[in-house]
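Here is what each chain is made of, one letter per residue.
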Amino acid sequence: MTTSRKPLMAGNWKMHHTHLEAIQVVQKLSYRLDDRDYKAVEVAVCPAFTALRSVQTTLDSDRIPIALGAQNCHWESHGAYTGEVSPAMLAKLNVRYVIVGHSERRELFGETDDAVARKVRAVLGAQMSPILCVGETLEERDLGSTDEKVAGQTRAALAGLKADDVARCVIAYEPIWAIGTGKTATPGDANATIGVVRNTIRELAGSVADETRILYGGSVKPGNTAELMAMPEIDGGLVGGASLDPDDFARVIRYGR
Ligand code: PEP
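Residues numbered from 1 in each chain as written. Predicted model: local features only at pLDDT ≥ 70, side-chain atom pairs only at ≥ 80, totals over all residues. Heavy atoms only, no water.

Comments concerning helix H12 (residues 246-255)
Phase 1 of the analysis: Within the sequence span of H12, burial applies to Pro246, Phe249, Ala250, Val252 and Ile253. Each buried residue of H12 lies within a common arc of 155 degrees when the element is viewed along its axis, so the set occupies one face.
Phase 2 of the analysis: The secondary structure elements touched by the buried residues of H12 are strand S1 (8-12), helix H1 (19-32), helix H2 (35-40), strand S2 (42-46), helix H11 (222-229) and strand S8 (236-239).
Phase 3 of the analysis: Capping the start of H12 is the job of one residue whose side-chain oxygen sits 3.0 Å from the backbone nitrogen of aspartate 247: aspartate 245. (Buried < 20%, exposed > 50% of the residue type's maximum accessible area, 1.4 Å probe, protein only. Helix = DSSP H or I, 4+ residues; strand = E, 2+ residues; numbered from the N terminus. Arc of directions from axis to C-beta. Contact = heavy atoms within 4.5 Å. Polar contact = N/O pair within 3.5 Å; in protein donor to acceptor, adjacent residues only side chain to side chain.)

Some points on the pairing of strand S6 (residues 170-173)
Phase 1 of the analysis: Burial of the side chains of S6 extends over both faces: Val170 and Ala172 are buried on one face and Ile171 and Tyr173 on the other.
Phase 2 of the analysis: For strand S5 (residues 129-134) and S6, the ladder comprises four bridges, and the chain directions are parallel. Note on S6: the bridge partner recorded for valine 134 is tyrosine 173.
Phase 3 of the analysis: Two strands pair when backbone bridges link them, and S6 and strand S7 (residues 213-217) are joined in this way by four bridges, in the parallel orientation. Looking at S7, one finds that tyrosine 173 is bridged to tyrosine 216. (Pairing = 2+ DSSP bridges.)

Quick notes on the packing of aromatic side chains
Phase 1 of the analysis: Scanning the model with the defined rule gives one aromatic pair in all.
Phase 2 of the analysis: A cation sits over an aromatic face here: arginine 105 above phenylalanine 109, 4.4 Å from the ring centre. (Phe/Tyr/Trp six-rings, centres within 6.5 Å; stacked < 30°, edge-to-face > 60°. Lys NZ or Arg CZ within 6 Å of the ring centre and 35° of its normal.)

Shown next as structure tokens:
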């Protein structure tokens, strides 16, 4: 099927790169990309909170067409929540995407499906797009419950949203056992599971599912991008380790065209 879904390659820098390093990385990345890349693929970087303002001003002043993303947020717009950052604060920095429910936040910081659902709504309410992460553990995969897990997480986060709002969401299917491990789902398996996520979105929001971008994440690197991106259901990548280095990330973007 031909679709109107423009691929998105989003770099998740996690807790890496000071603001000074982040400026250098985004500049170097821009030197390696050209109009053909930006035309074919939407590129985003998601630095740590401390680097957002520096990266924003670099992108703006050098007119670099890379979108800015954040890695997390709170669901409230302001208040007594020490250590938290609100969607409104991110929106003021021209942040376009916010990663929500990354497995590291779910597993290491106890983020529940309920918190993820609130964050999705708050991000949409601040006129940004959530990159909602779903994915199974190795144990769940071995038990054959991958489909049930990703469909459940998708429903928990998106149920009750208007179709227009669902259309503004991006989903990242990230098998937890493949994140940062060097192991990747086979393109066929990733494609099939993303198909399950898309069918779940169809149940919730109808034909908008055909416009929703669903990324694959989990040890995406230059050597495996082309075969993953050749799959009809895969609309891009959420890239951790390989996005830290501008050469590697530029190659991932190019192979994703
Ligand atoms: C991620 O951070 O979402 C991720 C997929 O990391 P990596 O590419 O390093 O596996």
